[in-house]
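Fold and geometry: a report
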Amino acid sequence: MSTARPSTAPAGASLAGRSGSVTWMALPAMVIFTAFGVIPLLGVLGLSFTSWDGIGVIHFTGLRSWRAELANPGLPHAIFVTFKIMILSWLVQTPLSILIGVFLAGHQRYRNWLAVLYFIPLLLSSAAIAVAYKALLDPNFGLGAGLHIGWLSQDWLGRGGLAVAVVIFIVSWQFIPFHSLIYQGAARQIPRTMYEAAEIDGAGRIRAFWSITLPQLKNTVIASSTLMVVGSLTFFDLIFILTAGGPGDATRVLALSMYKTGFQANLMGLASVIAVILVLFGVGLALLLRRIGGGANTQSTLEGG
Amino acid sequence: MDPISISRRTLLRLSLVGTAGVGLAACGSSGPDKASDSGGSTGSATYWYLSGAPGEGIRTNTVKRFNEANPKTQIKGSTFQNDAYKTKIKTAIGAGEAPTIIWGWGGGGLKSYVDASQVEDLTDWFGQNAAVKDRLFPSSFGAATVGGKIYAMPCETVQPIVLFYNKTSFEKIKAEPPKTWADIMDLVPKFNAAKIAPFSLAGQSRWTNMMWLEFLFDRIGGPEVFQAVFDGTKDAWSNPLAIQALTECQKLIKANGFIKGFSSITADSNADQALLYTGKAAMMLHGTWTYGSMATDGGDFVSGGHLGYMNFPPVDGGKGDPTNTVGNPGQYLSISSKATAEQKDIAKKFFATAVLSDAEKKEWIASGGIPIVKGADAELANSKDADFLKFVYGVASGAKTFAQSWDQALSPTAAESLLDNIAKLFQLQITPEQFATNMNQTIGT
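Residues numbered from 1 in each chain as written. Chains lettered and ligands numbered in written order. Predicted model: local features only at pLDDT ≥ 70, side-chain atom pairs only at ≥ 80, totals over all residues. Heavy atoms only, no water.

**Examining the overall build of chain A**
Test applied: Strands are runs of DSSP state E lasting at least 2 residues, helices are runs of H or I lasting at least 4, and numbering of each runs from the N terminus. Between buried and exposed lies partly exposed: a residue is buried under 20% and exposed over 50% of the maximum accessible area for its type, with that area taken using a 1.4 Å probe on protein chains only. Only heavy atoms enter the contact rule, under which two residues are in contact if any of them lie within 4.5 Å. Only the protein chains shown count as covering a residue, and every accessible area follows the Shrake-Rupley method with a 1.4 Å probe.
Of regular secondary structure, chain A possesses 14 helices and two strands. Split into buried and exposed, the 305 residues of chain A put 45% on the buried side. Sequence separation of 24 or more characterises 69% of the internal contacts of chain A that already satisfy a separation of 6 or more. Total accessible area on chain A is roughly 15,800 Å²; 71% of this is exposed by carbon and sulfur atoms.

Next comes the structure, spelled out in structure tokens:
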């Protein structure tokens, strides 16, 4: 199977031989990460022990913000909504992305064209998508009202359950292309010989999908799921424009709570607590997914292992 | 550099991009938001204000006139959309990057700037320039005053909230405009039967819902009920008259008084006004600032005389004086205390010579607004909107109590909690009693 990766082995060998210079080359990235990742993170952690209105003097108040936020009944609700949207959007996106990705992995020319078409939603900014969908879904001036299609002129964003469904639909519409692309790449990496062997053994296409494609995509599923799950913690712009957390607080995710607490209610200490909680969730989920992957994502599945 | 400011700005940009996009999609009239330039070189002051017709054009013209008259001292203006601006200005002030001239609504927001000593005390300046002060409505200075000192120059127009209605819709169902709250409740089923929504409402913006509570509280309980909240009286929201007002409001919601999907409509896009002038809704409770854009965007709705307006009707047995009103007693310009002495001088010169100059005054009147200048009523007769302007002038000057909009009067923290709970009240997620309990917890914050 070494034909699949003829170039990586020598490159790896030479990198190992010059490990000193590799560390040196990582320095710019480390500097940027420290400046824009670590230091702000420490700043937020520090702010979570203060009370600050965003304008005046910062007062150190110890654990008061933490106690207040953990006692806030809005917090469990925001966590619930965050996880609801995360899990549902994962459930919608993953199977569809795998199917589309595997389908696109074929080498017919039209599939490349399709891949390009599918990719278009990802090129649009979330803000633009949200604005467009908000206009389309407007119950009085939107698509349904314009075309006089009764079922389409629902109060899409004005009823809690529907609004959550709309958010998940739009998120999926936006990000399935990206994950399909990952799966397309991964599926193309699966050696032909495995399918040839399966064919000789008499396996059909569906059997080959379950027995070869899916197991071979395991690491890609972990990688794509990590991106989906951690990414869904930061859904903000889309929901902010689409529903502003409403109706009521039906789509008020943690990131939106953080924004509203910090920038609308001027409670920077409490907002920092929510930010720290978000970071903890993000790190925890990423580690959990690695664990589910069996720590094997550094290992190659190419040999069928 | 303050490390927090990085993530804050990133967030902010996201939100600005977003809300700017909303505006662009919804109405072609509001142009692209200009890039913000903070700080500024010496010899020039910066000024941030709201975008959107007709105010944006008038503000820009005033700046232009000032710059032409003072070639050596320039003011650079930047515009922002309403909701985005509220965040942007707070963040900029917190980061020490405030513009020289800060446009605002006075009240609780201004107080938070004052508490952080971010804005100039203008009391002495007004003392020395009595002429500047004396030509403005005295009532406009209330929301500019914190702890007995004046921190802002009132500007622009007086904007009470009034009840607009579409005369054509009323003709269609052969009904008269409501004279009391009971009439309103009677009209609701009649309009619904005719497939016209009784009231337009941009509920996603939340402060739009708040206008209903402001009037119901006033008409049922009088201005004292909210004043008690504002003064920090314990459990003030649990006043039985407050509960009654909240209950009446939910009655209207349950009777389908508001247009279908109201909680997904935003006011920034002017969709609520469009519902009124397209005849999809019969009435709309809104600020007088919407008159200008309805006249611009609504075809012949305003020019053809199809727009009706009135002060909010009384509630039978209510304590409030029916002349009372709520809204914006003016808009406000403050000077950043972080500005250089030269910039502060430019700003003061701007206040004294350009703000509400005769030219600007005429433009406001032409746009359907009442500038907060004494004797402005004398010029109303020549306007093509004379009837409306006289009506607004009458409401504003005749009001026994002209209360400032709640979210502007309260501190930003209490206001956010209020808007949140109002959104839930209108969603019927909480009862009036729960609303009162939730809000009582914010008293004193």
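**Notes on the overall build of chain B**
Note the following rule: We compute the radius of gyration from the C-alpha atoms alone; for a globule the expected value is 2.2 Å times N to the 0.38, where N is the number of residues.
Across its full length, chain B carries 19 helices and 14 strands. Whereas a compact globule of 445 residues would reach a radius of gyration of roughly 22 Å, chain B reaches 21 Å, a difference of no more than 12%. Considering only C-alpha atoms, chain B reaches an extent of 65 × 50 × 40 Å along its principal axes. Excluding contacts between residues fewer than 6 apart, the proportion of contacts in chain B whose partners are at least 24 apart in sequence is 76%. Accessible surface for chain B amounts to roughly 16,400 Å². Of this, 53% is attributable to carbon and sulfur atoms.

**Quick look at the sheet that holds strand S6 (residues 153-155) of chain B**
Residues and elements named next belong to chain B. What counts is decided by this rule: Two strands qualify as a pair provided DSSP detects at least 2 bridges between them. For helices, the fitted axis covers only the stretch in contact; all axes are lines through C-alpha atoms, and the angles between them, taken along N-to-C directions, range from 0 to 180 degrees.
Across the sheet, five strands lie side by side as S2-S1-S3-S12-S6; this open sheet has mixed pairing. Looking at the sheet topology across the chains shown, the edges are occupied by strand S2 (74-80) and S6. Pairwise comparison of adjacent strand axes, ignoring direction, gives a mean angle of 25° for this sheet. Across seven bridges, the pairing between strand S1 (residues 44-50) and S2 is parallel. Within the sheet, the bridge partner assigned to Ser44 lies in S2 and is Gln74.

**Focus: the nonpolar core**
Residues and elements named next belong to chain B. Note the following rule: Throughout, nonpolar core names a set of buried Ala, Val, Leu, Ile, Met, Phe, Trp, Tyr and Cys residues whose side chains join them through atoms within 4.5 Å.
Counting 75 residues, the largest nonpolar core has Tyr47, Ile75, Tyr85, Met153, Leu333, Phe350 and Phe351 as its most contacted members. Ranked by residues supplied to this core, first place goes to helix H16 (residues 386-398) with seven residues. With sequence-adjacent residues up to four places away left out, Met153 is seen in contact with Leu122, Trp125, Phe126, Val132, Leu136, Gln331, Tyr332, Leu333, Phe351 and Val355. Within the second largest apolar cluster, 66 residues are counted, among which are Ile265, Ala267, Met283 and Met439.

**Section: the UniProt feature "transmembrane region" (unreviewed entry) in chain A**
Residues and elements named next belong to chain A. In plain terms, the rule: UniProt positions are given in the numbering used here, feature names are shortened, and annotations may be inferred rather than shown by experiment.
The feature "transmembrane region" (unreviewed entry), as annotated in UniProt, sits at residues 21-42, 85-106, 113-136, 156-176, 221-245 and 265-289 in this numbering. Measuring from the first to the last C-alpha atom of residues 156-176 gives 22 Å, for a span that is 81% helix and 0% strand. With 76% helix and 0% strand, residues 221-245 has its two end C-alpha atoms placed 30 Å apart.

**Brief notes about unusual backbone geometry**
Between Gly246 of chain A and Pro247 of chain A the backbone carries a cis peptide bond, its omega angle lying at -5°. The phi torsion at Ser117 of chain B lies on the positive side, around 45°, for a residue other than glycine. Its location among the elements puts Ser117 of chain B in the loop between helix H4 (107-115) and helix H5 (123-128). Unlike most non-glycine residues, Asp235 of chain B shows phi in positive territory, near 55°. Relative to the assigned elements, Asp235 of chain B resides in the loop between helix H10 (224-230) and helix H11 (240-254). For Asp235 of chain B, a relative accessible area of 39% translates into the label partly exposed.

**Observations regarding the packing of aromatic side chains**
Residue and element names in this part refer to chain B. Selection rule: Only rings of Phe, Tyr and Trp enter the pairing, Trp through its six-membered ring, and a pair is recorded when the two centres are within 6.5 Å. The plane angle decides the type: under 30 degrees is stacked, over 60 is edge-to-face, the rest tilted.
Inspection of every chain in the model, using the stated rule, returns 48 aromatic pairs over all chains. Judged by centre distance (6.3 Å) and plane angle (65°), the rings of Tyr85 and Trp105 are edge-to-face. One end of the pair, Tyr85, is in helix H3 (residues 82-94); the other, Trp105, is in the loop between strand S3 (101-104) and H4, and 20 residues separate them in sequence. Like Trp105, Tyr85 is buried. With a centroid separation of 4.8 Å and an interplanar angle of 35°, the aromatic rings of Tyr309 and Phe391 are classed as tilted. Highlighted residues: Tyr309 in strand S10 (residues 307-310) and Phe391 in helix H16, separated in sequence by 82 residues. Note on Phe391: relative accessible area 19%, which makes it buried. Chaining the aromatic ring pairs together yields one cluster made of Trp181, Phe199, Trp212, Phe215, Phe258, Phe262, Phe312 and Phe426.

**Quick notes on H3 of chain B**
All names here are of chain B. Basically, it comes down to this: Here the expected span of a helix is defined as 1.5 Å times the quantity of residues minus one.
Look at H3: 19 Å from first C-alpha to last across 13 residues, which is about the 18 Å you get at 1.5 Å a residue. For H3, the tally of buried residues reaches ten of 13 residues, placing the bulk of the element in the interior. For H3, the set of buried residues is Asn82, Ala84, Tyr85, Thr87, Lys88, Ile89, Lys90, Thr91, Ala92 and Ile93.

**Re the side chain of Arg252 of chain A**
Rules: Contacts described as polar in this section are N or O atom pairs within 3.5 Å, which, within protein, must combine one atom able to donate a hydrogen with one able to accept it, while residues neighboring in sequence count only if both atoms come from side chains.
Tracing the backbone through its elements, the reader meets Arg252 of chain A in the loop between helix H12 (237-242) and helix H13 (254-264). Residue Arg252 of chain A is classed as buried on the basis of its relative accessible area of 15%. Here the side chain of Arg252 of chain A touches Asp420 of chain B through a polar contact of 2.4 Å, side chain to side chain. Those residues within four positions of Arg252 of chain A in sequence are excluded, and the remaining contacts are Ala78, Val81, Gly245, Ser257 and Lys260 of chain A together with Asp420 of chain B.

**Observations regarding the interface of chain B and chain A**
The condition is simple: Summed over both partners, the accessible area (1.4 Å probe) lost when two parts come together is defined as the buried area. For this document, the term salt bridge refers to a Lys or Arg side-chain nitrogen within 4 Å of an Asp or Glu carboxyl oxygen.
Across the boundary between the two partners, chain B contributes 44 residues, which contact 41 residues of chain A. Roughly 3,500 Å² of surface becomes buried between chain B and chain A when both sides are summed, with 64% attributable to carbon and sulfur atoms. Applying the counting criterion to the chain B and chain A interface returns two salt bridges. The closest approach of N and O atoms between Lys424 of chain B and Asp249 of chain A, which form a salt bridge, is 3.4 Å. Linking chain B with chain A are 13 residue pairs in polar contact (both at pLDDT 80 or more). Of all elements in the fold, only helix H1 (4-26), H3, H4, helix H12 (271-277) and helix H18 (412-426) of chain B reach the threshold of two or more residues within the side of chain B that touches chain A.

**Some words on the packing of helix H2 (residues 55-69) of chain B against helix H15 (residues 358-366) of chain B**
Helix-helix packing: each pair is described by the crossing angle between the helix axes and the interaxial distance. Residue and element names in this part refer to chain B. The condition is simple: In these notes the angle categories are as follows: under 35 degrees is roughly parallel, over 145 is roughly antiparallel, 65 to 115 is roughly perpendicular, and the rest is oblique. Amino acids are sorted into nonpolar (Ala, Val, Leu, Ile, Met, Phe, Trp, Tyr, Cys and Pro), charged (Asp, Glu, Lys and Arg) and polar (every other residue, Gly among them).
Running from N to C, H2 and H15 point in directions that differ by 170°, and their axes come no closer than 10 Å. As the angle between them shows, H2 and H15 are arranged roughly antiparallel. Across from Gly55, Ile58, Arg59, Asn61, Thr62 and Arg65 in H2, the residues of H15 making contact are Ala359, Glu360, Glu363 and Trp364. The residue makeup of the contact of H2 with H15, split by class, is three nonpolar, three polar and four charged.

**Some thoughts on the packing of helix H8 (residues 181-193) of chain B against H11 of chain B**
Residues and elements named next belong to chain B. Under the convention used in this document: What makes a crossing left-handed is the near helix being turned counterclockwise from the far one by less than a right angle; a clockwise turn instead makes it right-handed.
As a packed pair, H8 and H11 sit with axes 10 Å apart at the nearest point and diverge in direction by 20°. Looking at the two axes, H8 sits roughly parallel to H11. The two elements H8 and H11 meet at a crossing, and its hand is left-handed. Facing Trp181, Ile184, Met185 and Val188 of H8, the residues of H11 in contact are Glu248, Lys251 and Leu252. Classifying every residue of the contact of H8 with H11 by side-chain character gives five nonpolar, no polar and two charged.

**A word on the pairing of strand S12 (residues 331-335) of chain B**
Residue and element names in this part refer to chain B. Burial analysis of S12 places five of its five residues in the buried class, which makes it a mostly covered element. Where S3 and S12 come together, four bridges link them in antiparallel fashion. When the sheet's bridge partners are listed, Ile101 is paired in S12 with Ile335. Bridge count for S6 against S12 is three bridges, and the pairing is antiparallel. By the bridge assignment for S12, Met153 is matched with Leu333.

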